Each structure stands twice: as structure tokens, then as C-alpha cells.
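For reference, the chains in residue letters:
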Amino acid sequence: MRSTSLCLMLCSTLLSGTVLAENQTISLQQAYSPYFSVGTALSERQIRDQEPGTLDLVKQQFNVLTAENIMKWEAIEPVEGQFNFAAADAMIEFAEANNIKVIGHVLLWHEQTPAWVFQDAKGQPASKELVLSRLTNHINAVMGRYKGRIQGWDAVNEALNEDGTLRQSNWYKALGEDYIATVFEIAHKADPKAELYYNDFNLFKPEKRDGVLKLVAALKAKNVPIHGIGEQGHYSLDYPELQQVEDSIIAFGKTGLPVMITELDISVLPFPDPENIGADISLNMQLKQEFNPYAAGLPKAVSDQLSNKYLQLFELFLRHSNVVQRVTLWGVNDNQTWRNDWPMKGRTDYPLLFDRKNQPKEVVPKLIKLAEKAGK
Ligand code: G3I
């Protein structure tokens, strides 16, 4: 049985800045490697190594990386034909040097796409042909640059409404309802060996889950190359019910596609707008302190609830590891998390596995033990 002196080991490493002997402990990614890969998402600051200790922690604990923002359209091609590859290059070089896999995020999303994509030279709505040629050029340029170096791409992100119908996004309006198949086809041509995923939030909701099942069935019926379903996993202490998560994993597994938990975080804060749980970033409410109860620190009782929820979820993922291929946390530490700013800017949330000083939370060694107990 491998030793689990993780907390002691990490704390001393981070304080002293020294590299630990490999045989001292095992990490999250090592513990879970018989079951699924364990990933994280990096901010630009982290990728550029401007956050002390973070990249060392990432090397130890995670074996797959996603860029939290720098590969989105507005970041990588802000002006038509002008690409900012520097940060993505740096992340991929770091990953390759450390034997870590990379997931591309994201080829097509209705958010973070510059307005010019949908406009012609006169500022009028661009024709279908023009939008399609821009989409094709974008995918060819980005996937072409990293061909063979990226395991899989979130090809299409958040294309469904909460009731499972197709979102009437700019993409839908410009390209018509077959646009999702088109993206997968263009992407497959650009890098035939890259896996291509459909990625969305709130897939534990039966209506939205069924929308994905319908979409996947339609894509498969046309032999469109889709290789996985990404369930984002932006959760809270109050939702979702574990059974709902389990039902969605089982239902997706029946399609024959693997499931990736792509953006896991568990908010401990009260959600100010219960009708709109999830991750729709257009929600933007004014800060109210009653919704920011833990600015001075997290009470032990709440921290215990967070631990329990993580343990329950990982136990579930382990039980379905024939289907679940990857679990990616949406960030390394609580300092970085987007949940501090959504749906209200300036709150203090605690949704990840490492705290604001990159110290492992008490649940980390417990998660490692859980995997060890599973016995593979
Ligand atoms: O880079 C600019 C910076 O130049 C500017 O000064 C600053 C001022 O606000 O904004 C910076 O951009 C921010 C960007 O993150 C980079 O930090 C945006 O305002 C902010 O809206 C953006 O938020 C990201 C959000 O997606 C929108 O792209 C979050 O960090 C990121 O965690 C979040 O991730 C999404 C997934 O991609 C898709 N699924 C939902 C998930 C959570 O919303």
C-alpha cells in the first residue's frame, strides 16, 4: 500500500520550495491513474509562471491540463487572421516537458467570440459563407498549429438551452441548425487524431441531459466524428443531487461515448438566483454581502460539507470509471476560481481542492485514500 503523507509533504515543499523525493507520497493523479486522469485548468498568470508554487503543484498533482481562457476565440484570434499563440505555446511546452496531456478549450462557443466574426465589412450581419469561412480558418489555424499535441478538444461548448433545445446563438443564426455537425467535421479534418467533445453545464438536469442524448444520436446517425461528452460540473453544496449526476453518467455511457467531467468546482456560497444555477456567464448581479458570508474564512462545518461532497462525487466517478475517463477541476486554487466573481463580482468562495496559498485541503489525502481503497 502506498503512503499518503500528502499534506505534510506538500506543505513542506511549498514552504521550502524544494522538490520532493518521488517515493515520499503519491499524488491525486497517481492515485487515480488506474481509473481516470485528473486535470486542472490554468489561468494565463499561472501558465506564465507568475504565481509562485503553482506549476510545481500542477506537475505533482495533475496529469492533464486545460487552458481556462487563453485558447478561447477572443484570446487567440482577437482580430481576423491575427493569432496570439504565445500563452498556448507556453502551456503546451510545459505540459510536454512534464508528461502531462492537454485538452483544447474551446473551438466554438457563443461567448468570448469577437463581434467581427458575425459582421461583414459594413457592420451588417455576415453571410453564412463568410461566417463559415472564418470558422474554418480559425479551426484550421489553431488545431493545425497544435496538430498531434492535443489529446482532445471541447469542439462545441454550451450549445443547448436548459430545456435541451438548441440555443439561438449567433452561430445558430448564422449557420443554421446543422452547425454543430459542421464544427466536428471541420475539426476532424484539421487534426484527425484529436478527440472531439461536446461540452456543457447542468447536464444533471433531465431535460438538458436528454437534449445532449438527442444531439449525440443525431450526430452519430450521420457518422459525425464525436468522441466524448463533457459534463462541466459547476456544482454547489446544495446541488445537484448525486443521483442526478449518476443518472446522467449512466445515460451518456449508453451512447458508447466516454464521459469527461470537464470543469469541476463546488461553490460553498449561497446562490443568489436559484432559477439560474449553472454557469451562464451572462448572469451578472450586484454584490450583496449577505451572499458573501465567508470573506473572513470558512467555518469548519462548511469545510466538512465541502469535503463530503467531493468524496461522494469521486466515489461516484470511481464506480463509473468504465465510462468516466477524466475529471478536471476548473482551476488549481481558490484564489484563481471564477466562482469568486460569478454571478456576483468580489465574493470569497472555496470551491477547489487547494486553498489560496496552494495548500491541499483536508479532503485531498482523503480522496487519495479513497482511490487506494478502490484497490486497482
Ligand atoms: O483578460 C481580461 C483582462 O485583460 C481584463 O483586464 C479583465 C477585466 O475584467 O478581464 C480579463 O478577462 C477576463 C477573463 O476571464 C480572463 O481572466 C474576463 O473578464 C472574464 O469574464 C473571464 O472569465 C472566464 C469565463 O469563462 C469567460 O470566458 C473565467 O475566467 C473562466 O473560468 C470561465 O470558464 C467557463 C468555461 O470556459 C466554459 N464553461 C463555463 C466556465 C465558467 O464560466
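Residues numbered from 1 in each chain as written. Predicted model: local features only at pLDDT ≥ 70, side-chain atom pairs only at ≥ 80, totals over all residues. Heavy atoms only, no water.

Chemist: I'm lost on the overall build of the protein in this one. Help?
Modeler: Secondary structure summary: the protein contains 13 helices and nine strands in total. Whereas a compact globule of 376 residues would reach a radius of gyration of roughly 21 Å, the protein reaches 20 Å, a difference of no more than 12%. With respect to the principal axes defined by its C-alpha atoms, the protein has extents near 60 × 45 × 40 Å. Counting every position in the protein, which comprises 376 residues, the buried fraction comes to 56%. About 16000 Å² of surface is accessible on the protein, with carbon and sulfur atoms providing 49% of the total. (Helix = DSSP H or I, 4+ residues; strand = E, 2+ residues; numbered from the N terminus. Rg over C-alpha atoms; globule rule 2.2 N^0.38 Å. Buried < 20%, exposed > 50% of the residue type's maximum accessible area, 1.4 Å probe, protein only. Areas by Shrake-Rupley, 256 points an atom, 1.4 Å probe, with all protein chains shown as cover.)

Chemist: So what exactly am I meant to see when it comes to the packing of aromatic side chains here?
Modeler: Aromatic rings in a pair are described by how distant their centres are and how their planes are angled relative to each other. Applying the stated rule across the entire model yields 14 aromatic pairs. Consider the rings of Phe 85 and Tyr 146, whose centres lie 5.9 Å apart with planes at 90 degrees: the pair is edge-to-face. Here the residue Phe 85 occupies a position in the loop between α5 (73-76) and α6 (86-97), and Tyr 146 occupies one in the loop between α7 (128-145) and β4 (152-157), the gap between them amounting to 61 residues. Every member of this aromatic cluster is reached through a ring pair, and the members are Tyr 32, Phe 36, Tyr 310, Phe 314 and Phe 317. One residue, Lys 208, lies across the ring of Phe 201, its end atom 3.7 Å from the ring centre. The cationic tip of Arg 356 hangs over the ring face of Tyr 350; the distance from NZ or CZ to the ring centre is 4.9 Å. (Phe/Tyr/Trp six-rings, centres within 6.5 Å; stacked < 30°, edge-to-face > 60°. Lys NZ or Arg CZ within 6 Å of the ring centre and 35° of its normal.)

Chemist: I tried to follow the site of the ligand on my own but got confused; where do I start?
Modeler: Among the 15 residues in the neighbourhood of the ligand, the closest are listed as Glu 68, Lys 72, His 105, Glu 158 and Glu 263. The contact in question runs from a nitrogen atom of the ligand to an N or O atom on the side chain of Glu 158, over 2.8 Å. Trp 330 has a polar side-chain atom sitting 3.0 Å from an oxygen atom of the ligand. Considering only residue class, the shell around the ligand consists of five nonpolar, six polar and four charged. (Near = heavy atom within 4 Å. Polar contact = N/O pair within 3.5 Å; in protein donor to acceptor, adjacent residues only side chain to side chain. Nonpolar A, V, L, I, M, F, W, Y, C, P; charged D, E, K, R; others polar.)

Chemist: Can you walk me through the nonpolar core in this structure?
Modeler: Nonpolar side chains in soluble globular proteins tend to end up buried together. Met 71 and Phe 317 are the most contacted members of the largest nonpolar core, which totals 116 residues. For this core, the leading source of residues is helix α12 (residues 300-319), giving nine residues. If we skip the residues at most four places from it in the chain, Met 71 touches Ile 76, Ala 88, Met 91, Ile 92, His 105, Val 106, Tyr 146, Ile 150 and Trp 153. (Core = buried A, V, L, I, M, F, W, Y, C linked by side-chain atoms within 4.5 Å. Contact = heavy atoms within 4.5 Å.)

Chemist: I keep staring at the pattern of salt bridges and nothing clicks. Help me out?
Modeler: When the charged atoms of two side chains with opposite charge come close together, those side chains can pair. Within the structure shown, the criterion is met by 17 salt bridges. Its salt-bridge partner being Lys 59, residue Asp 56 comes within 3.4 Å of it at the nearest N-O pair. With Asp 56 and Lys 59 both in helix α4 (residues 54-61) and three residues apart, this pair spans about one turn of that helix. Residue Asp 56 is classed as partly exposed on the basis of its relative accessible area of 36%. The salt bridge involving Lys 366 is made with Glu 362; its shortest N-O contact spans 3.7 Å. The class of Glu 362 is partly exposed, set by a relative accessible area of 35%. What you see here is one network of salt bridges that share partners, running through Glu 162, Asp 200, Lys 205 and Lys 208. (Salt bridge = Lys/Arg side-chain N within 4 Å of Asp/Glu carboxyl O.)

Chemist: I keep staring at the pairing of strand β9 (residues 324-329) and nothing clicks. Help me out?
Modeler: Put simply, side chains in a regular strand alternate between the two faces of the sheet. Of all six residues in β9, five are buried, a share of seventy percent or more. Two strands pair when backbone bridges link them, and strand β1 (residues 37-42) and β9 are joined in this way by four bridges, in the parallel orientation. Note that in β9 the partner of Thr 40 across the bridge is Leu 329. Both strand β8 (residues 259-267) and β9 contribute to a ladder of four bridges, which runs parallel. Directly across from Leu 264, in β9, lies its bridge partner Leu 329. Of the crossover connections in this fold, the one passing from β8 over α12 to the parallel β9 is right-handed. (Pairing = 2+ DSSP bridges. Right-handed = clockwise from strand over helix to strand, strands pointing away.)

Chemist: What's the story with unusual backbone geometry in this structure? I'm lost.
Modeler: Of all residues except glycine, most have a negative phi; of all peptide bonds, most are trans. Of note, the bond from Tyr 239 into Pro 240 is cis; its omega dihedral lies within 30 degrees of zero at -10 degrees. Relative to the helices and strands, Pro 240 is located in the loop between β7 (234-236) and α11 (242-253). Cis rather than trans, the peptide bond between Trp 342 and Pro 343 has omega equal to 0 degrees. Tracing the backbone through its elements, the reader meets Pro 343 in the loop between β9 and α13 (363-374). Its identity is not glycine, yet Asp 49 carries a phi of approximately 60 degrees, on the positive side. By the element assignment, Asp 49 lies in the loop between α3 (44-47) and α4. The phi dihedral of Asn 202 falls on the positive side, at around 55 degrees, and the residue is not glycine.

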